[in-house]
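Residue-level listing of the chains:
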Amino acid sequence: MGTDKPSKKSIIIGTLIATFIGASPYLFYLYENVPDTQVWTNQWFTYDSHEWESANFAMWIFTNKLIPLLFILIWFFTCRHWWYHVLIVPIAMYVYQTIGIFNSNLEFIDRFELIYLIPVMALIIPSIYLLRAQMFNKLNTADKTMEELEAEFMLKPKTLWGKIKQYF
């Protein structure tokens, strides 16, 4: 066992993530607090559900898209495997679907997201394949273990913001 102690910051972030995951069933059912009317007014904002005809139903759809998106984002930012970049594909899909909920034309909800995901998939999937091929090429020509190769190919920014910045 190493004597490295986790930093206070990592303990706080881990606690927040664990609390979010533990509270996720309650967060999912927050839509039940939304009235079953077309216009929902509270002290902060007014939401008109337009085509949905029920703010409660619209928020149910929203939580069905947002909660899985947040889970995949947590997985993406905490994953330590070389293939974690492929998680960008479902992230892009859920972002597109979540934004599509607020589209006033319900005829196209959850329809053409695969067409819009093709450019993301065209970049990510070949990149992951090339990275994998490069790893196995090095594995066959060198005496390195799989863990050593994963560590060699892994980008390790120190902060959450640094991890976000490496993609833009």
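About the thresholds
- Residues numbered from 1 in each chain as written.
- Predicted model: local features only at pLDDT ≥ 70, side-chain atom pairs only at ≥ 80, totals over all residues.
- Heavy atoms only, no water.
- Helix = DSSP H or I, 4+ residues; strand = E, 2+ residues; numbered from the N terminus.
- Buried < 20%, exposed > 50% of the residue type's maximum accessible area, 1.4 Å probe, protein only.
- Contact = heavy atoms within 4.5 Å.
- Axes fitted to C-alpha atoms, helices over the stretch in contact; angles between N-to-C directions.
- Parallel < 35°, antiparallel > 145°, perpendicular 65-115°, else oblique.
- Left-handed = near helix turned anticlockwise from the far one by under 90°.
- Phe/Tyr/Trp six-rings, centres within 6.5 Å; stacked < 30°, edge-to-face > 60°.
- Patch = residues over 30% accessible without salt bridge, like charges linked within 9 Å, V, L, I, M, F, W, Y side chains within 5 Å.
- Areas by Shrake-Rupley, 256 points an atom, 1.4 Å probe, with all protein chains shown as cover.
- Salt bridge = Lys/Arg side-chain N within 4 Å of Asp/Glu carboxyl O.
- Core = buried A, V, L, I, M, F, W, Y, C linked by side-chain atoms within 4.5 Å.

**What about the overall build of the chain?**
- For the chain, the count of helices and strands is six helices and two strands.
- Starting at the N terminus and ending at the C terminus, the chain contains elements arranged as α-β-β-α-α-α-α-α.
- Out of the 168 residues in the chain, the part that is buried amounts to 27%.
- For the chain, the proportion of contacts with a sequence separation of at least 24, taken over those separated by at least 6, is 53%.

**Notes on the packing of helix H1 (residues 8-28) against helix H2 (residues 55-78)**
- With their axes 11 Å apart at the nearest point, H1 and H2 run at an angle of 165° to one another. Classified by the interaxial angle, the pair formed by H1 and H2 is roughly antiparallel. Where H1 crosses over H2, the handedness of that crossing is left-handed. Residues Ile17, Phe20, Ile21, Ser24, Leu27 and Phe28 of H1 pack against Trp60, Thr63, Asn64, Ile67, Leu70, Phe71, Ile74 and Thr78 of H2.

**Comments concerning the packing of aromatic side chains**
- A full pass over the atoms with the stated rule returns 10 aromatic pairs.
- The interplanar angle of 75° and the centroid separation of 5.9 Å between the aromatic rings of Phe28 and Tyr31 together place this pair among those described as edge-to-face.
- Exposure remark for Tyr31: the relative accessible area of 13% places this residue in the buried category.
- Considering the side-chain rings of Tyr29 and Tyr31, the 6.0 Å spacing of their centres and the 35° angle between planes classify their relative orientation as tilted.
- Take Tyr29: its relative accessible area is 43%, and that puts it in the partly exposed class.

**A short note on the environment of Leu69**
- Mapping Leu69 onto the fold places it in helix H2.
- On the basis of relative accessible area, Leu69 is assigned to the buried category, the value being 8%.
- Sequence-wise, Leu69 and Val95 are 26 residues apart; in three dimensions their C-alpha atoms are separated by 7.2 Å.
- Setting aside its immediate chain neighbours within four residues, Leu69 contacts Ile91, Tyr94, Val95 and Thr98.

**Topic: unusual backbone geometry**
- Located in the positive-phi region is Glu53, a residue other than glycine, with phi close to 65°.
- Note on placement: Glu53 falls in the loop between strand S2 (46-48) and H2.

**Some thoughts on a nonpolar patch on the surface**
- Where nonpolar side chains cluster on the molecular surface, the patch consists of Tyr96, Ile115 and Tyr116 and spans about 320 Å² of accessible area.
- By secondary structure assignment, the location of Tyr116 is in helix H4 (residues 113-141).

**Some remarks on the nonpolar core**
- Core analysis: the largest hydrophobic core is formed by 13 residues, its most contacted members being Val34, Trp40, Tyr47, Trp52, Ala55, Met59 and Ile101.
- Broken down by element, this core gets its largest block of residues, six residues, from H2.
- Excluding anything up to four places from it in sequence, Trp40 contacts Val34, Pro35, Phe45, Thr46, Tyr47, Ala55 and Met59.
- Counting eight residues, the second-largest nonpolar core is a separate cluster that includes Leu69, Ile72, Phe76 and Leu87.

**Description of the packing of H2 against helix H3 (residues 88-101)**
- Two elements in contact, H2 and H3, have axes separated by 9 Å at closest approach and are oriented at 155°. As judged from the angle between their axes, H2 and H3 are roughly antiparallel. The interaxial crossing formed by H2 with H3 has left-handed handedness. In this structure, H2 contributes Ile61, Phe62, Asn64, Lys65, Leu66, Pro68, Leu69, Ile72, Leu73 and Phe76 to the contact, and H3 contributes Ile88, Pro90, Ile91, Tyr94, Val95, Gln97, Thr98 and Ile101.

**With respect to the environment of Tyr129**
- Looking at where Tyr129 falls in the secondary structure, it is placed in helix H4.
- Sequence separation between Tyr129 and Trp83 is 46 residues; the distance between their C-alpha atoms is 9.2 Å.

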